[in-house]
Amino acid sequence: MATSKPTTTGRWLPVHGKARLPAHLRAAGAFLPKPLPSDVEFRTETAKAVARADHMLGRLDEAATRLPERGALVRATQWRELAGSWGADGTEVSVRDVFLQDLRGLRNPPVTDPAVAEYVAAADDAARRARAGEAIGVMLLRRTAARLPTSGTSTERGTDPPWRTTDRWFGARPSSAYLLAVPPGAELRTAAEQWVAWVDCPSDMPLIAKLALGAYQILTLAPLDNSEEVANLYVVLELIRAGALRDQILPVSPWLAPRSAPYHIRHRAVAEDGDLDGWIAFVAEGIARLCRAQLNIVDTVEELREEFLDRLGRRNDSLARAVNALLGTPVADQALIAERSGVSLRHSHDLIKRLRIHGVVREMGQRKQHKLHEVPAVMRVLGSAEDGA
């Protein structure tokens, strides 16, 4: 009977009775990574990459405070995460669908994909809990994971957490698969619980290093069908809990894309050679690039605000407040615009009319008692797919 093969990076477990798996994966076995270290030494270049990422995070968080409303950047980031995770499977989600979640309080809310609503609600709730200092590992594995969208049907719904029940390999196609995750069962669950303990244990490790290692482990174990969404959200929540960011304004999935070549190369290097240093540098470089892309969005939205106010010729009245509100919620109905502008419904009707005349907003169509309005220029900026690469 074959036994597991321990290495410096983990254990390779024998695979039996898995005829549907690619032959080269069956020959190599399933990989169970060893528990994460409490500390890691950097090469000089990695330390510099970590410092650059820290600096860029500070710039992004400061820049976001200049926006009159941060909500639009949060929703656009959530759309990027959904598009990055679902896009690999050919599923499309529009940025408008994510913004429509702010209108869920309507008596007759717009029809959107329920999975979008699940993701937005779960991400918003997790961010609030992270700001309050709640344990992230427990939250993600046992509460948030059950509410995040999943592309498969193998999840044990009704259990807590919803463990993966099928085999999982890494790679774009079976022929190019490079790693087989540990099979479902006791060893997977034990390793996932060890990850939870590591994430929630206080650490003196630099923040970028901790979130990079934490993401590697949950991605490699893949204990849930939606482990990619969990890993991406983990990175953001770790940043929020540590105070590096105040909101979910950094989209991670464009960099940690499950089917991207750089991701595969670095991921495989950690499993085969234990190159944690290279993985940390890879994540740090990705964070810095994503921050630059987000900063470009913030700068463009600020420029649009100035353009709108110049076009309207008003800067200190309710019209300016309406512009600020729409920069944060570029899809809205009359009631939401009134609430966020601090005016009556009747007054908001007049504001919308003037904004429409000057080309700031446009009607999205009649919906019984509600008309929806959007800001096309802002939607184009927030709906772009730039990833900083």
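Residues numbered from 1 in each chain as written. Predicted model: local features only at pLDDT ≥ 70, side-chain atom pairs only at ≥ 80, totals over all residues. Heavy atoms only, no water.

Time to look at the packing of aromatic side chains. Under the defined criterion, the tally for this structure stands at 6 aromatic pairs. Geometrically, the ring pair formed by Tyr 263 and Trp 279 is edge-to-face, given 6.2 Å between the ring centres and 65° between the ring planes. In this pair, Tyr 263 sits in helix H10 (residues 261–273) while Trp 279 sits in helix H11 (residues 276–312), placing the two residues 16 residues apart along the sequence. Here Trp 279 falls in the buried class, since its relative accessible area comes to 0%. Each member of the aromatic cluster is reached from another via a ring pair, and the members are Tyr 216, Tyr 263, Trp 279 and Phe 282. One residue, Lys 210, lies across the ring of Trp 198, its end atom 5.9 Å from the ring centre. (Phe/Tyr/Trp six-rings, centres within 6.5 Å; stacked < 30°, edge-to-face > 60°. Helix = DSSP H or I, 4+ residues; strand = E, 2+ residues; numbered from the N terminus. Buried < 20%, exposed > 50% of the residue type's maximum accessible area, 1.4 Å probe, protein only. Lys NZ or Arg CZ within 6 Å of the ring centre and 35° of its normal.)

All right, on to the side chain of Glu 81 then. As for its placement among the helices and strands, Glu 81 is situated in helix H3 (residues 71–87). No salt bridge is formed by the buried Glu 81, whose closest oppositely charged neighbour, Arg 80, lies at an N-O distance of 7.9 Å. (Lys, Arg positive; Asp, Glu negative; His and termini not counted. Salt bridge = Lys/Arg side-chain N within 4 Å of Asp/Glu carboxyl O.)

Attention now moves to the environment of Gly 274. Within the secondary structure layout, Gly 274 lies in the loop between H10 and H11. Residues Gly 274 and Thr 7, 267 residues apart in the sequence, show an inter-C-alpha distance of 9.4 Å. With near-sequence residues (within four places) excluded, Gly 274 lies in contact with Thr 9 and Ala 269. (Contact = heavy atoms within 4.5 Å.)

Confidence in the prediction for the protein chain averages 87 pLDDT; 88% of positions are at 70 or higher. Per-residue pLDDT, averaged within each element of the protein chain, yields its smallest value for strand E1 (residues 5–6) (64) and its largest for helix H2 (residues 44–64) (97). Long-range and interchain partners of residues 151–159, a stretch whose pLDDT sits below 50, account for 18 contacts in this model, where long-range means more than four residues apart. (pLDDT = per-residue confidence, 0-100.)

A complete count under the given rule lists 29 salt bridges for this structure. Residue Glu 302 is joined to Arg 66 by a salt bridge in which the shortest nitrogen-to-oxygen separation is 3.0 Å. Here Arg 66 lies in the loop between H2 and H3 and Glu 302 lies in helix H11, a separation of 236 residues in the sequence. For Glu 302, a relative accessible area of 23% translates into the label partly exposed. Between Arg 168 and Glu 228 there is a salt bridge whose closest N-O contact spans 2.4 Å. Of this pair, Arg 168 sits in the loop between helix H6 (136–144) and strand E4 (169–170) while Glu 228 sits in helix H9 (residues 227–241), placing them 60 residues apart in sequence. What you see here is one network of salt bridges that share partners, running through Asp 125, Arg 128, Arg 129, Glu 134, Arg 143 and Arg 147.

Let's shift gears to H11. Over its 37 residues, H11 runs 54 Å from end to end, which matches the ideal 54 Å to within 8%, given 1.5 Å per residue. Gly 313 occupies a position one or two residues after H11 and carries a positive phi of about 70°. (Expected span 1.5 Å × (residues − 1).)

Here we come to the pairing of strand E3 (residues 30–33). The two faces of the sheet receive side chains in turn, since in a regular strand these alternate between them. Covered by surrounding structure in E3 are Ala 30 and Leu 32 together with Phe 31 and Pro 33, the residues of both alternating faces. Note that strand E2 (residues 10–13) and E3 share 4 bridges and pair antiparallel. In the sheet register, Leu 13 faces E3, and the bridge partner there is Ala 30. (Pairing = 2+ DSSP bridges.)

Right, let's get into a positive patch on the surface. A cluster of basic residues, Arg 52, Arg 59, Arg 289 and Arg 292, forms a positive patch on the protein surface. Broken down by secondary-structure element, the contributors of at least two residues to the positive patch are H2 and H11. Positionally, Arg 52 belongs in helix H2. (Patch = residues over 30% accessible without salt bridge, like charges linked within 9 Å, V, L, I, M, F, W, Y side chains within 5 Å. Areas by Shrake-Rupley, 256 points an atom, 1.4 Å probe, with all protein chains shown as cover. Charge placed at Lys NZ, Arg CZ, Asp CG, Glu CD.)

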